[in-house]
Amino acid sequence: MMELKIQLIPTGEIILPPGKNGENFCHNCKVVASDGVRAMMESALTARDRVGVQDFVLLENYTSEAAFIENLRKRFKENLIYTYIGSVLVSVNPYKDLEIYTKNHMERYRGVNFYEVSPHIYAVADNSYRSMRTEGKDQCILISGESGAGKTEASKKILQYYAITCPASEQVQTVKDRLLQSNPVLEAFGNAKTLRNDNSSRFGKYMDIQFDFKGAPVGGHIINYLLEKSRVVHQNHGERNFHIFYQLIEGGEEDLLRRLGLERSPLQYQYLVKGNCPKVSSINDRSDWKVVRKALTVIGFNEDEVEELLNIIASVLHLGNVQYGGEEGSACITSDTQIKYLARLLGVNGSVLTEALTHKKIIAKGEELMSPLNLEQASSARDALSKAVYGRTFTWLVNKINASLAYTVPDVWVVVCCSFEQFCINYCNEKLQQLFIELTLKSEQEEYEAEGITWEPVQYFNNKIICDLVEEKFKGIISILDEECLRPGDASDFTFLEKLEDTVGGHPHFVTHKLADGKTRKVMGREEFRLLHYAGEVNYNVNGFLDKNNDLLFRNLKEVMVMSENNILTQCFDREELSDKKRPDTAATQFKASLAKLMEILMSKEPSYVRCIKPNDSKQAGRFDEVLIRHQVKYLGLMENLRVRRAGFAYRRRYEVFLQRYKSLCPDTWPNWQGKLADGVSTLVKHLGYKPEEYKLGRSKIFIRFPKTLFATEDALETRKHSLATKLQAGWKGYSQKSKYQKLRTSAIAVQAWWRGILAKRRAQRRRQAANTIRRFVKGFIYRHKERCPENEYFLDYVRYSFLMNLRRNLPKNVLDKSWPTPPAALKEASEHLRKLCMQNMVWSYCKKISPEWKHQMEQKMIASELFKDKKDNYPQSVPKLFVSTRLNGEDINPKVLQALGSEKMKYAVPVTKYDRKGYKPRPRQLLLTGSSAIIAEEGKLKQRIDYGALKGISVSSLSDGLFVLHVPSDDNKQKGDVVLQSDHVIETLTKIAICAEKINNININQGSIKFTVGQGKEGIIDFTPGSELLVAKAKNGHLSVTAPRLNSR
Ligand SMILES: Nc1ncnc2c1ncn2[C@@H]1O[C@H](COP(=O)(O)OP(=O)(O)OP(=O)(O)O)[C@@H](O)[C@H]1O
Ligand SMILES: [Mg+2]
């Protein structure tokens, strides 16, 4: 099983006299050592320009305290509270909650190399944990610093880190919970509000966590040192007793308080009013009480144990209220109430207790005598009992917690007293410093040897001389103190001082008022001695040294406690203690022994250090009190630390790590070095231009002497990184674009192929369809004459369809357009119907469009057509010429004629030529048609009126001439015979006459000649012959000969 230990150095300050901060103390420090073991500093390199350096080893001016403090200040201002000195973590209390302890932060530090992330307590925790797991070596983390510097907080952070990041099974979870929960309990019983810290640990704590082979925490062990028992009975102004008293009184249930006989007011208790500050704003006793009660259960306390524990706490308060009175020389207790409660709570006999509190047992001549105590003695006996009861109970508590963490119970002892305690603490610090230097040098030397690099002995201030002064057998201060305590006779603090002067008076690190020179004497009291610690000079007042070194609990009080029925107390006060005649070891000797034991433990482990610094005395965030910090830097020996680490080589790194990081800076090593690592590194540094004195090559590591060499390399790497990044980016961009393009291309091809497929399928389908169509067509064609059957139905339908479609396109445009597509056989009838319909439709719509005038015209033309079509040669010529309503207007006709007509309305008038009946002389006349008769007028005369009723007929030739004969009855005397007329508009004229006279059927068209009556039964003949031009003349045979021109149309 491996172990990882966390050591909190009890209130680790060395108190210096005001104004004497031991400025010169470093004169003795013969520096020069070399760097620490795991100086992981690359992260410091990257961030150094931003906020100082992350590792003091990289300070160019490493011997300057001012530079050191300036670096701390810069970082503190930016809330960067952690800085390394090699592997030592320096932590400055921020006095505010920083967002750097989240689960994410824990994850960031988990399993990551020290130098890859910024300094953090988690890095230390993780590094120790990993060293333990990979190297199989026990680890310890030493946390030191003055009160309020943040030791307890640091240890809690480490515990939380392990609780969260270590692997855990269900069983391990209990251990984790108990480890975490032991904190509030120990803090309730062992912490108190002081002037320096509202939650000051008033005991030293050594915590030990065991991990199994999987790296899961499986057990823990706590050793407590130096509980400040004097606080139980006395507190300085502005300070409090241990938290638990206030928590109980504030938070305890009514019932509980009644059982314990307590009132809910700290002011009622003498032990709680000395510091005059029962309430602290930053502390909530009531809620803390709940936390503690719960934690006790988690740790495994049962109800009875809790009850007994609280009985003891309450009894201490009652003890404090025990009042003495009585005569001078023999004190007696003035009130019974406390004794009653005490008897019950402590489980002892009240009167025995009363006696023990007022008497002292003396053994004189083999007889035991009870000697009364005076008032002063009695109260100090009472206080001694309170301290002993509380102190031992605290120890019991620690053991109980240890038992719950399944580990053995350690030896524990306690020392009390202010200055005496400081003496012990400073001694402890001295020992730790010695250990630190030894370990650092040892590991440094080992590393040099392992790497085959010549070890130059490092000069450093060895504080063994001070340790010896304190602890040496017979000659050391502790031995002298013990001797004074034990020797018979009137030993006092003052005789102790004299003895010191006698024995160690010549020691270079020891001074008293008597031995000092004039200047020192001024600042030293007569009861003081001064030690020149490695970190500075400290004056100690010898007052109380003897008493505090002795454990002053009277034997009879011990006897009472041994008889207690309280289970906890019986464990605390052992019966054997009474029978053991040998004096118990003095406090200083016990302390020395356990310190030696601690050193032994620490020596066997690989240490990590956390050095806590308090930035100001007012618990304020953001305040950087330079004087206070310089003082701490000094007493923590940080400059010494740095000097030792920087003495040889500032930086060292395994070849593979160095090469891996910087290989890009040399073309030979980039991208990969194939040969031996050492050769690679050698090539690389030569390429970088390292001078021989700047570095050394060991067996597996390179050692670089100055930070600036490394910075230059690091800067080169920064620049190189950019160009590499650009290259990588370009490469990557090219690659990603290419793959994007490839993807696009393949997608496009896929889409194309798919689309082509679709198109091809469609085309194939169309071809198939076309082929089918053609095949059906051909088949249909073959079977076209057959009855409709599946083979030909398509064809037939197609033919029909195409005929109809063709028809649709080629319908006749007008009624005269007689064109019509030829229908297939099957559609002949339908076609005919359609044609008729179409014609009807055209006619109908034509008719609809016709005006009355046109209709009239058409009617006349129709009649003309009926009469003359194909019968008379000049008819076709007349067709395109419209018939007019009259050829002579009112002004063309003689007014006399019009007058003669009277009311008769003239329907048509036309100029005509009349041929005489006898000589066939042509005479120009006007033919006028009225409603009832046709009138031939000559100038102003109506020459002849033919009533339509008398009009027998009209004759006309079939040739193209304009002659016509109006036949009238020959027996009508009024008439002179038939009238031979010639009109240029013969068709129009005749049609009009026929219509007016309603003689449509009476028009004769004659071939060759026309016979007509001349009057009185005589007959005339007109002969018509076709010729080249119109010629009308009387022929020799007496006939009227008419030659009509031949017309083209015929
Ligand atoms: N890392 C931190 N972040 C925030 N606050 C802190 C931190 N460390 C310490 N503090 C504050 O400082 C106070 C004192 O710290 P802490 O109790 O750890 O001091 P300490 O060194 O243990 O002192 P003592 O020797 O008196 O026990 C804490 O209560 C807390 O308010
Ligand atoms: Mg503390």
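Computed from a predicted structure; not experimentally measured. Positions within a chain are numbered from 1, following the residues in the order the chain's sequence is written. Both sets of labels track the order of writing: A upward for chains, 1 upward for ligands. Totals for whole chains, interfaces and linings use all residues, but because this is a predicted model, local features are given only for residues with pLDDT of at least 70 and pairs of side-chain atoms are given and counted only at 80 or more. Hydrogens are left out, water is left out, and the side-chain values use all remaining heavy atoms of the structure.

**Focus on the UniProt feature "binding site: ATP" (unreviewed entry) in the chain**
When the UniProt feature table is mapped to this numbering, "binding site: ATP" (unreviewed entry) covers Gly-145, Glu-146, Ser-147, Gly-148, Ala-149, Gly-150, Lys-151 and Thr-152. Tracing the backbone shows Glu-146 in the loop between β4 (139-145) and α5 (151-165). Put simply, DSSP H or I for four residues or longer makes a helix, DSSP E for two residues or longer makes a strand, and each gets a number counted from the N terminus. For Ser-147, the position within the fold is in the loop between β4 and α5. Any N or O atom pair separated by 3.5 Å or less is treated as a polar contact, with the protein-specific requirement of one donor-capable and one acceptor-capable atom, and with residues adjacent in sequence counted only for side-chain atom pairs. Looking at Ser-147, its side chain comes within polar contact range of the side chain of Ser-200, at 3.2 Å. UniProt positions are given in the numbering used here, feature names are shortened, and annotations may be inferred rather than shown by experiment.

**Structural notes on the site of ligand 1**
When at least one non-hydrogen atom of a residue lies within 4 Å of a molecule or strand, that residue is treated as near it. Ser-147, Lys-151, Thr-152, Ser-200 and Ser-201 are the nearest of the 18 residues found near ligand 1. Note that a nitrogen atom of ligand 1 is positioned 3.0 Å from one of the side-chain N or O atoms of Tyr-101. Asn-199 has a polar backbone atom sitting 3.4 Å from an oxygen atom of ligand 1. Here the Shrake-Rupley method, with its probe set to 1.4 Å, supplies the accessible areas, and only the displayed protein chains count as covering residues. With the chains in place, 88% of the 620 Å² that ligand 1 exposes on its own is no longer accessible. At the level of elements, α5 and β6 (200-201) are the ones that each hand at least two residues to the shell around ligand 1. Basically, the charged four are Asp, Glu, Lys and Arg, the nonpolar ten are Ala, Val, Leu, Ile, Met, Phe, Trp, Tyr, Cys and Pro, and anything else, Gly included, counts as polar. Its residues placed into classes, the shell around ligand 1 shows four nonpolar, 10 polar and four charged.

**Some remarks on the environment of Phe-203**
One can find Phe-203 in the loop between β6 and β7 (204-211). Put simply, Phe-203 and Tyr-225 are 22 residues apart on the chain and 5.5 Å apart in space, counted from C-alpha to C-alpha.

**As for the coordination of the magnesium ion (ligand 2)**
The protein atoms donating to the magnesium ion (ligand 2) are Thr-152 (OG1) and Ser-201 (OG), with metal-donor distances spanning 1.8 to 1.9 Å. Taken as a pair, Thr-152 in helix α5 and Ser-201 in strand β6 lie far apart in primary sequence, 49 residues in all. Relative accessible area decides the class of each residue, using a 1.4 Å probe on protein chains only: under 20% of the type maximum gives buried, over 50% gives exposed, and in between gives partly exposed. Overall, the relative accessible area of 13% leaves Thr-152 in the buried class. Overall, Ser-201 belongs to the buried group, its relative accessible area being 15%. For Na, K and Ca the donor cut-off is 3.2 Å; for every other metal, N, O and S atoms count as donors within 2.8 Å. Water does not enter the count, which can leave sites looking incomplete.

**Some remarks on the confidence of the model for the chain**
Across the chain, the average pLDDT comes to 83, with 92% of residues at 70 or higher. Of all secondary-structure elements in the chain, the lowest mean pLDDT belongs to helix α1 (residues 42-47), at 41, while helix α8 (residues 243-251) reaches the highest, 95. Confidence scores per residue from the predictor, reported as pLDDT, run from 0 to 100. Here, residues are in contact when the closest pair of their heavy atoms is within 4.5 Å. Below a pLDDT of 50 lies the segment residues 1-49, which in the model reaches 222 contacts outside its immediate sequence neighbourhood of four places, other chains included. Counted against residues more than four places away or in other chains, residues 406-418, with its pLDDT under 50, gives 36 contacts.

**Re the sheet that holds strand β31 (residues 1040-1045)**
On the basis of which strands lie adjacent, the open sheet formed by four strands has the order β28-β29-β31-β30 and mixed pairing. Single-partner strands in this sheet number two, and they are β28 (1009-1015) and β30 (1031-1034). Shown here is a sheet whose adjacent strand axes are inclined to one another by a mean of 20 degrees, direction ignored. Any two strands are treated as partners once DSSP identifies two or more bridges connecting them. Inspection of the sheet shows strand β29 (residues 1018-1027) paired to β31 by six bridges, in the parallel sense. Here, axes are lines fitted to C-alpha atoms. For helices the fit covers the stretch in contact, and angles between N-to-C directions go from 0 to 180 degrees.

**Description of the nonpolar core**
Grouping buried Ala, Val, Leu, Ile, Met, Phe, Trp, Tyr and Cys residues that are joined through side-chain atoms within 4.5 Å yields what is termed a nonpolar core. Counting residues in hydrophobic clusters, the biggest one holds 108 residues, and the most contacted among them are Tyr-162, Phe-189, Phe-245 and Tyr-390. The element that contributes the greatest number of residues to this core is helix α15 (residues 375-404), accounting for 12 residues. Of all hydrophobic cores here, the second largest spans 90 residues; its members include Leu-432, Phe-591, Cys-666 and Ile-702.

**Considerations on the sheet that holds strand β14 (residues 528-533)**
Adjacent strands of a sheet pair through backbone hydrogen bonds, lying either parallel or antiparallel. Read across the open sheet, the three strands follow the order β13-β14-β15; overall the sheet is antiparallel. With one partner strand each, in any of the chains shown, β13 (510-512) and β15 (536-541) form the two edges of the open sheet. Direction aside, neighbouring strands of the sheet carry axes that sit 25 degrees apart on average.

**Section: the pattern of salt bridges**
Here, a salt bridge means any side-chain nitrogen of Lys or Arg that lies within 4 Å of a carboxyl oxygen of Asp or Glu. Going through the model one piece at a time under the given rule, you end up with 49 salt bridges. When the shortest N-O distance is used, the salt bridge between Glu-938 and Lys-943 registers 3.2 Å. Judged by relative accessible area, which is 34%, Lys-943 ranks as partly exposed. What emerges from the salt-bridge pattern is a single network uniting Glu-65, Glu-70, Arg-73, Glu-626 and Arg-630.

**Brief notes about unusual backbone geometry**
Here the residue pair Trp-670 and Pro-671 is connected by a cis peptide bond, since its omega of 0 degrees sits within 30 degrees of zero. Within the fold, Pro-671 resides in the loop between α28 (655-662) and α29 (677-688). Backbone geometry at Glu-998 places phi at a positive 55 degrees, although glycine is not the residue there. You can see Glu-998 is positioned in the loop between α36 (986-997) and β27 (1003-1006). Residue Glu-998 is classed as exposed on the basis of its relative accessible area, which comes to 68%.

**Let's talk about a nonpolar patch on the surface**
To count toward a patch, a residue needs a relative accessible area over 30% and no salt bridge; like charges are then connected within 9 Å, while nonpolar side chains (Val, Leu, Ile, Met, Phe, Trp, Tyr) are connected within 5 Å. On the surface, Ile-774, Val-778, Phe-781 and Ile-782 cluster together into a nonpolar patch covering about 390 Å² of accessible area. Structurally, the position occupied by Ile-782 is in helix α30 (residues 707-782). With a relative accessible area of 56%, Ile-782 lands in the exposed category.

**A word on helix α33 (residues 852-868)**
Expected span of a helix: the number of residues minus one, times 1.5 Å. Relative to the 24 Å expected for 17 residues at 1.5 Å per residue, α33 spans 24 Å between its end C-alpha atoms, a close match to the ideal helical length. Along α33, the residues classified as buried are Gln-857, Gln-860, Lys-861, Ile-863, Ala-864, Ser-865, Leu-867 and Phe-868. For α33, the elements touching its buried residues are α34 (875-878), β24 (953-957), α36 and β27. Following α33 by one or two positions, Asp-870 adopts a phi angle in the positive range, close to 65 degrees.

**A look at the packing of α33 against α36**
Across the interface, α33 lies against α36 with an axial gap of 10 Å and an inter-helix angle of 105 degrees. Overall, the two elements α33 and α36 adopt an arrangement that is roughly perpendicular. Here Gln-860, Ile-863, Ala-864, Leu-867 and Phe-868 of α33 come into contact with α36, specifically with Ile-987, Leu-990, Thr-991, Lys-992, Ala-994 and Ile-995. In terms of residue class, the contact of α33 with α36 is made up of eight nonpolar, two polar and one charged. Note that the term roughly parallel is reserved for angles under 35 degrees, roughly antiparallel for angles over 145, roughly perpendicular for angles of 65 to 115, and oblique for everything else.

**Topic: helix α25 (residues 587-603)**
An ideal rise of 1.5 Å per residue puts 24 Å on 17 residues; α25 measures up with 24 Å between its terminal C-alpha atoms. Inspection of α25 places Ala-587, Ala-588, Phe-591, Ser-594, Leu-595, Leu-598, Met-599 and Leu-602 among the buried residues, and these make up the whole buried set. Burial along α25 is one-sided: seen end-on, the buried residues are contained in an arc of 150 degrees. Along the arc lie the directions from the helix axis toward the C-beta atoms.

**A few points about the packing of aromatic side chains**
Here a pair means two rings of Phe, Tyr or Trp (six-membered ring of Trp) with centres within 6.5 Å. Their orientation is stacked below 30 degrees between planes, edge-to-face above 60, and tilted elsewhere. Considering all chains together, one arrives at 28 aromatic pairs under this definition. Ring geometry for Tyr-122 against Tyr-161: centres 5.0 Å apart, planes inclined by 25 degrees, an arrangement best described as stacked. Residue Tyr-122 is found in helix α4 (residues 121-135), and its partner Tyr-161 is found in helix α5; the two are separated by 39 residues along the sequence. Accessibility classification places Tyr-122 together with Tyr-161 in one group, the buried group. Members of the aromatic cluster, each reached through a chain of ring pairs, are Tyr-101, Tyr-109, Tyr-122, Tyr-129, Tyr-161 and Tyr-162. Comment: the charge-over-ring label is applied if NZ (Lys) or CZ (Arg) is within 6 Å of the ring centre and within 35 degrees of the ring normal. The side chain of Arg-240 reaches across the aromatic face of Tyr-246, ending 3.9 Å from its centre.

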